[in-house]
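Understanding the architecture of this molecule
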Amino acid sequence: MQNSRSSSEVLKDIALIPLRDVVVFPSTLVPFIIGRGSSIQALEAAMEKNKMIFLSAQMDASLDNPGPSSIYSLGVIAKIIRAIKMDDQNVKVIVEGKTRGRIIEYLSTTPYYQVLAKEIKEIEGDSAETKELLKRVLTLFEDYLKLSQNANFESIIPAFRDNSPDRIADIISSHLYLHLEEKQNLLETINSLERIRRLNFILENEILKIHSRLKKDGKRYSRRKTPFSDPSQKVFPTGLGYKKEDQPNEIEELRQKIAKAKMPKDAEEKASKELERLEAMPPMSAEATVCRNYLDWLISLPWTKKSREKRNLKEAEKILHDDHYGLDKVKERILEYLSIRQLVKNPKGIILGFIGPPGVGKSSLGRSIARSTGRKFVRLSLGGVRDEAEIRGHRRTYIGAYPGRIIQMVKRAKTKNPVFLLDEVDKMSMDFRGDPASALMEVLDPEQNSTFLDHYIDTDFDLSQVMFIVTANMLEPIPRPLLDRMEIIRLPGYTEDEKLQIAKRFLLPKQMKIHGLKKQNIKITDRAIMNLIRNYTREAGVRNIEREITSICRKVVKKVVSKGRTHEGKVTSKNLETYLGIPRFRRAEIDKKDEVGVAIGMAWTEFGGELLTFEVTKVYGKGNFTLTGHLGEIMQESAQAAFSYVRGKIFEYGIAKDLHKNYDIHIHVPEVATPKEGPSAGITVATSIISLLTEIPVSKKVAMSGEITLRGRVLPVGGIKEKLLAAHRERIKEAIIPLDNKPDLKDLPKKVKDDIKIHFVEHMDEVLEIALTRELPTKPKKRKIAASSELPEGEEEGGGPQEPSLAH
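The following paragraphs examine the structure supplied in this document.

What counts and how
- Residues numbered from 1 in each chain as written.
- Predicted model: local features only at pLDDT ≥ 70, side-chain atom pairs only at ≥ 80, totals over all residues.
- Heavy atoms only, no water.
- Core = buried A, V, L, I, M, F, W, Y, C linked by side-chain atoms within 4.5 Å.
- Buried < 20%, exposed > 50% of the residue type's maximum accessible area, 1.4 Å probe, protein only.
- Helix = DSSP H or I, 4+ residues; strand = E, 2+ residues; numbered from the N terminus.
- Contact = heavy atoms within 4.5 Å.
- Phe/Tyr/Trp six-rings, centres within 6.5 Å; stacked < 30°, edge-to-face > 60°.
- Lys NZ or Arg CZ within 6 Å of the ring centre and 35° of its normal.
- Salt bridge = Lys/Arg side-chain N within 4 Å of Asp/Glu carboxyl O.
- Polar contact = N/O pair within 3.5 Å; in protein donor to acceptor, adjacent residues only side chain to side chain.
- Axes fitted to C-alpha atoms, helices over the stretch in contact; angles between N-to-C directions.
- Parallel < 35°, antiparallel > 145°, perpendicular 65-115°, else oblique.
- Left-handed = near helix turned anticlockwise from the far one by under 90°.
- Nonpolar A, V, L, I, M, F, W, Y, C, P; charged D, E, K, R; others polar.
- Pairing = 2+ DSSP bridges.
- Patch = residues over 30% accessible without salt bridge, like charges linked within 9 Å, V, L, I, M, F, W, Y side chains within 5 Å.
- Areas by Shrake-Rupley, 256 points an atom, 1.4 Å probe, with all protein chains shown as cover.
- Lys, Arg positive; Asp, Glu negative; His and termini not counted.
- Charge placed at Lys NZ, Arg CZ, Asp CG, Glu CD.

1. What about the nonpolar core?
If you look at the biggest cluster of nonpolar residues, it comprises 56 residues, and the most contacted ones within it are Phe420 and Leu422. The leading source of residues in this core is helix α10 (residues 286-300), at seven residues. Not counting residues up to four positions away in its chain, the partners in contact with Leu422 are Leu380, Leu382, Ile406, Leu440, Leu444, Phe468, Ile469, Val470 and Thr471. Membership of the second largest hydrophobic core comes to 55 residues, among which are Ile120, Val137, Leu140 and Phe141.

See the structure below:
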């Protein structure tokens, strides 16, 4: 808007709203509340027309219905920006002053004031003198705001930009807390130079008054947050119950919160700098919202807050035993850590990796550890996370930026030393947005996580006292550098006896409580639970067992409701089928008689150990080798190596010399829908082929696992604990495993060791001696060694009669 106009424009039929204790200046946004019926009607008329309204102060604020003689003739022509209905009687209005105006004539006084008004042409003073005087006024105004503590000078600066001296003078006038008559006097001063001179005089006097009050009241006045000491100096009309004192000083509150947060020096400097930026911004700007969010995050983080840990080892041990059955190695590790806490005040946080099949209690163990140590517990599921920013956060330059999930969870815990469960870390993936597993390396490195840098927070946060627990079903998908940063503890699964105890002590009482059953309502015998475990579930954990127990409880509840609360239901092995139906799994394969060309192998999957049956047959052909059963590439290569080993022995000992001319060998692994992978089937394949060619059955009481070389050596394989547990579950009596896997049996349950006779082998000859039901035929005295084959070193040292088969 121009500062001067060549002519005065007469505005017809403009509505007037008289204001109490409020003077509106041009170029300013002013909120106020109206409650009089005439004022509301004037507002509605202006909204319907062009949203222009004439605003003028009434001389006596106590008058509810002021006449024309009680209203100042000079006011402001303003535009209505927004009108919000607060209740049935009051409306909040926000207006923008446009230009000064004078009332020429009152056209009507009912139902609201309608006047003729003209714009006032403003008189500009000497530009050079005006600018010099304005500089002094701005300096005085800054001092005034600092002393009065009512507003921040830097937050008003944006309003001064691109404005003329007379508009700047109006903005300053609107921010002064003066009596109504003084403000009206400034409004009626048309000459801009005179108005600035008047402001200079007023500011000098006001600063002197404040200094005298400070001297008189001392610190009490300097701490005051309330800008209005005089009831007449109100922004809103009287009688509506609104006071400036009711609104807290946001900047001061944030400053106090920053001091209470006890941040590190770098974080406190960033917070203070951001607070200064916020003071200089308009309160409702988008950037101010970003600043507030950032400050809220910095303030809410637990920079120094810690949970007080339990140091009573007996109490911690009791909690761990109450929550979980077995898992002795994990419990021992937690108790060791708590013991260290007795001697070392601030030890580094531990990083444990729980690796095992689903349902063995990895996630629930984390909550139990938190309870036993007295720490807070937070859980972050990493399944499907593909974006690095999920871990490290987004930079604040992005719209909608947020801290990473690590910082979010620490904030939720409200302490800097929680138990932090990173669940399903092997289910993470990566794409063009980055690799979250690489971002986790900093989090899980005890040497680095004391200075973890989140992109949003942009300052170091100490994670060294957090107890991280990482869970996964498989090790292979986890990057090796990430594995190197954690202490791996394997949870292979439970034996049948352990499952029985877990079902009796934990699962059944839990489901009885959930379903509202009493002890007299349901009783499940041990034999029934064992039958359930063997015939209705096939898993390493106990999740399906709980599901079946839930199904039994539902049926008992139905009977209790229909027959009365005194109903007693007893579940035995004989009536179990009435509750759960026909058994889902049969274990008849192991109970069958020994067969030729059929051997049992032990396999490992992410769901635990499994037993696989390898079947071999020969058909007329030309010496081809066929593999079926959804076998992976590694397993196919292992079977090919086993077949090559057998063929070398065949030509060496003169067995089935026409095999390569007249017969094909076909190896099949049932359950084609299930993919199978790994090198551990080598000795099983070789055993089944030799059984077929020699027509000697393989014992069904023996299961085996091991990789084979072309020389007949047996190499170590993985997942031995899980495989032996599966063999024990299927009631296998003997197991053959590589000698190099002997250390893996250290943590095997004693029950398994007692029930299964474990054979450690180094060579294929030892495997055949154990697995075949009778000895191989003796070798001929004369033998021809194939040029393409070479005996392993140990074969000439065995002594004894020479055999045409494959073992000494």
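2. Here's the deal with the packing of aromatic side chains
All chains considered together, the criterion is met by seven aromatic pairs. Ring centres of Tyr294 and Tyr456 lie 5.9 Å apart, and the angle between their planes is 70 degrees; on these two criteria the pair is classed as edge-to-face. Taken together, the residues span a long stretch of sequence, with Tyr294 in helix α10 and Tyr456 in the loop between β10 (452-453) and β11 (460-461) at a distance of 162 residues. Taken as a pair, Tyr294 and Tyr456 share a single burial class, namely buried. Where Tyr620 meets Tyr663, the ring centres are 5.3 Å apart and the plane angle is 25 degrees; that geometry is what we call stacked. With Tyr620 in strand β17 (residues 608-620) and Tyr663 in strand β19 (residues 663-668), this residue pair connects regions lying 43 residues apart in the sequence. Stacked on the ring of Trp297, the Lys or Arg Lys411 has its end atom at 4.0 Å from the ring centre. Stacked on the ring of Tyr663, the Lys or Arg Lys618 has its end atom at 4.9 Å from the ring centre.

3. With respect to the pattern of salt bridges
One pass over the full model with this rule turns up 36 salt bridges. Between Arg136 and Glu204 there is a salt bridge, with the nearest N and O atoms lying 2.5 Å from each other. With Arg136 in helix α2 (residues 127-148) and Glu204 in helix α6 (residues 192-217), this pair connects stretches of sequence that are 68 residues apart. Judged by relative accessible area, which is 41%, Arg136 ranks as partly exposed. Relative accessible area serves as the criterion here: at 27%, Glu204 is assigned to the partly exposed category. Measuring nitrogen to oxygen at the nearest pair gives 3.1 Å for the salt bridge that ties Lys700 to Glu595. Of this pair, Lys700 sits in the loop between α25 (682-694) and β20 (702-704) while Glu595 sits in the loop between α22 (588-591) and β16 (598-605), and the two are 105 residues apart along the sequence. Connected through salt bridges with shared partners, the residues Arg100, Arg167, Asp170 and Arg195 form a single ionic network.

4. Some points on the side chain of Asp664
Residue position: Asp664 is located in strand β19. A polar side-chain atom of Asp664 sits 2.8 Å from the main-chain amide nitrogen of Asn624. Those residues in contact with Asp664 that lie beyond four places of it in its chain are Thr617, Lys618, Val619, Tyr620, Gly621, Lys622, Gly623 and Asn624.

5. Side note on the packing of α25 against helix α28 (residues 764-771)
Look at α25 against α28: their axes get within 10 Å of each other, and the N-to-C directions meet at 60 degrees. One way to sum up the angle between α25 and α28 is to call them oblique. Pair α25 / α28 crosses with right-handed handedness. Together, Ile683, Ala686, Thr687 and Ile690 of α25 and Met764, Val767, Leu768 and Ala771 of α28 make up the contact between the two elements. Each residue belonging to the contact of α25 with α28 can be placed in one class, and the counts come to seven nonpolar, one polar and no charged.

6. Comments concerning the pairing of strand β5 (residues 91-108)
With six bridges joining them, strand β2 (residues 29-34) and β5 adopt antiparallel strand pairing. Within β5, the residue paired with Leu29 across the bridge is Glu96. Across eleven bridges, the pairing between strand β4 (residues 74-85) and β5 is antiparallel. By the bridge assignment, Leu74 is partnered in β5 with Arg102. Remark: five residues form the turn of the hairpin made by β4 and β5, two consecutive strands paired antiparallel. Both β5 and strand β6 (residues 113-119) contribute to a ladder of six bridges, which runs antiparallel. Residue pairing across strands places Arg102 opposite Lys118, the latter belonging to β6. Count of turn residues in the β5/β6 antiparallel hairpin: four residues.

7. Brief notes about a nonpolar patch on the surface
A contiguous nonpolar surface patch, about 300 Å² in accessible area, is contributed by Ile340, Leu343 and Val344. Residue placement: Leu343 occurs in helix α12 (residues 328-343). Taking relative accessible area as the criterion, Leu343 reaches 78% and is therefore assigned exposed.

8. Structural notes on the sheet that holds strand β12 (residues 467-472)
The five strands lie next to each other as β8-β9-β12-β7-β13, forming an open sheet whose pairing is parallel. Each of the sheet's edge strands pairs with one partner strand only, and the pair in question is β8 (377-381) and β13 (487-490). Taken over all neighbouring pairs, the strand axes of this sheet differ in orientation by 20 degrees on average, direction set aside. When strand β7 (residues 351-355) meets β12, the two strands line up parallel, connected through five bridges. For Phe354, the partnering residue across the bridge sits in β12 and is Thr471. Its contacts with the sheet place α12 against β7, β12 and β13, and it is angled at close to 145 degrees to β13. Contacting β8 and β9 (419-423), helix α15 (residues 405-413) crosses the sheet at an angle of about 155 degrees to β8.

9. With respect to the sheet that holds β19
Adjacent strands of a sheet form backbone hydrogen bonds with each other and so pair up, either parallel or antiparallel. The sheet built from seven strands is open, its strands ordered β18-β19-β17-β16-β20-β23-β24 with mixed pairing. Edge positions in the open sheet fall to β18 (625-628) and β24 (757-761), since each of these has one partner strand only. On average, each strand axis in the sheet is tilted by 30 degrees relative to the strand beside it, whichever way the strands run. Pairing analysis gives three bridges linking β20 to strand β23 (residues 734-738), with the strands arranged parallel. Note on β23: the bridge partner recorded for Ala703 is Ala735.

10. A short note on a negative patch on the surface
On the surface, a cluster of negative charge is made up of Asp740, Glu762, Glu766, Glu769 and Glu775. Among the structural elements, Glu762 can be located in the loop between β24 and α28.

11. A closer look at a positive patch on the surface
A surface patch of positive charge is lined by Lys306, Arg308, Arg311 and Lys345. Topologically, Arg311 is positioned in the loop between α10 and α11 (313-323). Residue Arg311 is classed as partly exposed on the basis of its relative accessible area of 36%.

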